[in-house]
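Geometric and topological summary
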Amino acid sequence: MAPSAAPAGSTRLKRSAIALLVIVLASIGVLVVRATIAVETARQEVEDALTSLVGVPVRLTGSPTVRLLPWPSVRFEHVAVERGDGGPPLARMDGLDVRLDVAALLLGRLRPEELRMIRPDIRVESAGRRPSVVDFVAVATAWKPVTVSIEKGRVTFAAPDGDEHFETVDARLSWPRLSANLLLRAGLRWRGEAIGLDLEAPSPERLLAGEEGSTSLRLTSAPLRLSLSGEGGLIAPTRFEGSADIEIIDAQRFARWTGRPRTPDLLAGRIRLDGPLSMDARGVTMPNVRVDLAGNRAGGALTLRWDGSRPRLSGTVAFDELDFTGDRRRPYGRGWRDLAIDRASQTRDFDLRLSAPRIRLPGLTLDRVAASLHVSEGRLAAEIGNAELFGKPISATLRGTLVATGLEARLRLGGDDLPFADIADLVEAPGVEAGRASVVFEGDARCATLGACLAAVDGRLRLEARAARVTGSSPFADMSRFRPIVPQANGGTVTSLWDTVTLDMRLQGPRATVDRAEILGQNARFLFAGKGDLASGALDLIGHAFFPAHRPDVARSGTTEVSVPMRIGGTLQRPEAMARDAAPTTGGQTQPPAVPQ
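The structure contained in this document is the topic of the report that follows. What you see is a predicted model, and the numbers here were worked out from it, not measured in a lab. Position numbers for residues start from 1 in each chain and track the written sequence from start to end. Per-residue local features of the predicted model are confined to residues with pLDDT of at least 70, and side-chain atom pairs are confined, for both listing and counting, to 80 or more; whole-chain, interface and lining totals are unaffected and use all residues. Side-chain measures were taken over the full set of non-hydrogen atoms in the model, leaving aside hydrogen atoms and water.

Any pair of cysteine sulfurs within 2.5 Å is marked as a disulfide. If you walk through the whole model with that rule in mind, you get 1 disulfide. With its sulfur 1.7 Å from that of its partner, Cys 447 forms a disulfide with Cys 453. One quick way to see it: the torsion about the S-S bond of Cys 447 and Cys 453 is about 75°, and its sign makes the bridge right-handed.

What follows is the structure, encoded as structure tokens:
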């Protein structure tokens, strides 16, 4: 016989009784919990939590309200977080929700589990120096497990050199218990750029106990991307071993955003560093770093130290190739001319070495380059110790001192057995087909910016060429057929062979003073002096052409040569012979230069 079903009315009665019992128990629980939440005690607990976070005693003001649903909490309206010593308020906010720890509440204790700040305006005063590990340890020692979230906040870091404002901050710092990892997730705007930040670090308690743990950091923004991960600790010793990936996506936007470098358009293209990383209290090292400068890739080792009187960057970088011939591969922008070079602007020391099998510049290629840069205590030394130009070795050195007004330096460069035709192509002088040349330049520079240094170089250049062959319509063609006092170019294409070509000149920026230009051949020689302009190529040279006399009478004339006065004007690309007393045709001077003897 089947059992009979319970009446429907009896079932409904049991459910109603259970529901009524739950409501009664909940009401009793609410009354008990409400009776155990003392507002002033909650205020004191919040003040203690904030004091442990900021490191100074604080006092909390605002109108409190106890809430039990959906979670036991206390809300403070129109809040001010004031310093216990009576200084200016640390923060003001529309509201502060304090979520309470239920487990602690059931045991009769009040413990804030989460502090939720609504539209806070927080101000952090800086001591005027970079916080050290000791400063961080002193603050972290007093931290208590708590979760802090910020909704639509504003944070200001006040420093002697200006305030930094972080707007529309949405952040959550979670540290639920002593053994748990610390997690930070944040989104904000700084100087007009949106930033995303993710950080996971070991418990401060574990770190302060001398333990190590995994740490990861990721920062994303339009101009910059940064990723860091590894293992490390804070106590005995402070260390971190891991990897880093840093990419400046838009160099000019990054400079405008951060103020580094100070010249916003100094850099161009993407810049990336990635590889293993080792850090301690003295600095950071990337022993096997990969470098990418606007597509120019390299490998090497870099170290940044900050334990001395000035930060110091040192290392060695070997490039596959450096190509500066186009905008796509060029890592520097138009602002390189405005780069300041003085003692105040150089806040870091450098000890860097660079090598590349090939460096491509506009109109010029250097092979097998090994260079170095050393800046320390106001002294600067830059050197190309080894390089090849047109397959021949060259060298260059710069030694100087950084003073308040800029750089005072001595420059020397030179090369031997260089192809004369390739040197002529550099200055766009036509017609040179062969010859070997030696070039030496020594000069001084006094300037405040890099562009001014190039324009302010003052020195002497000496060029000696041997076995030169020149073909083309030129005033230096075969002059033996000319007998007029003022010869003219014959207009034909003539090949001339010269035993030696010697040039002694002084360079003052783009201006050139030719002290002596001498061309020696078997049947003629030329000797000139004058001026020129490297920017426009303008020439103004005065001198003589010398030819063997057909019937030399040394007793009468004292020489076996015939001297023909000449003046060369026009440009380096199109030199023109003219009357000696004629004004130069292009950009020269109106007064004739002195004639060498």
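This part is about the environment of Ile 246. By the criteria applied, helices consist of DSSP H or I runs no shorter than four residues and strands consist of E runs no shorter than two, each listed in order from the N terminus. Tracing the backbone through its elements, the reader meets Ile 246 in strand S12 (residues 239–248). What Ile 246 contacts, discounting residues up to four positions off in sequence, is Leu 224, Arg 225, Leu 226, Ile 271, Arg 272 and Leu 273. The contact criterion used is simple: two residues touch if any of their non-hydrogen atoms lie within 4.5 Å.

Moving on: helix H6 (residues 251–258). Where H6 is concerned, the buried positions are Ala 251, Phe 254, Ala 255, Trp 257 and Thr 258. Taken end-on, H6 shows its buried residues confined to a sector of 165°, consistent with a single buried face. Taken together, the buried residues of H6 touch strand S8 (182–190), strand S9 (193–201), strand S11 (224–233) and S12. Positive phi appears at Gly 259, one or two residues downstream of H6, with a value of about 80°. Note on classification: 1.4 Å probe, protein chains only; a residue is buried when its accessible area is under 20% of the maximum for its type, exposed when over 50%, partly exposed between these limits. What the arc describes is the spread of directions from the helix axis to the C-beta atoms.

Our focus in this paragraph is helix H2 (residues 39–54). Its 16 residues give H2 an end-to-end C-alpha distance of 23 Å, which sits within 8% of 22 Å, the value for a rise of 1.5 Å per residue. Looking at H2, one finds that the buried residues are Ala 42, Arg 43, Val 46, Glu 47, Ala 49, Leu 50 and Ser 52. Looking at the residues trailing H2, positive phi occurs at Gly 55, about 85°. Here, expected helix span is obtained from the residue count minus one, scaled by 1.5 Å.

Okay, the packing of aromatic side chains next. For Phe, Tyr and Trp, rings pair up if their centres lie within 6.5 Å, where Trp contributes its six-membered ring, and each pair is then called stacked (planes under 30 degrees apart), edge-to-face (over 60) or tilted (otherwise). Throughout the structure, instances matching the rule amount to 7 aromatic pairs. Ring pairs connect the aromatic residues Phe 157, Phe 166, Trp 190, Phe 254 and Trp 257, which therefore count as one cluster. The ring centre of Phe 546 lies 4.1 Å from the NZ or CZ of Arg 525, which sits over that ring. By definition here, charges over rings are those cases where NZ of Lys or CZ of Arg is within 6 Å of the ring centre and within 35 degrees of the ring normal.

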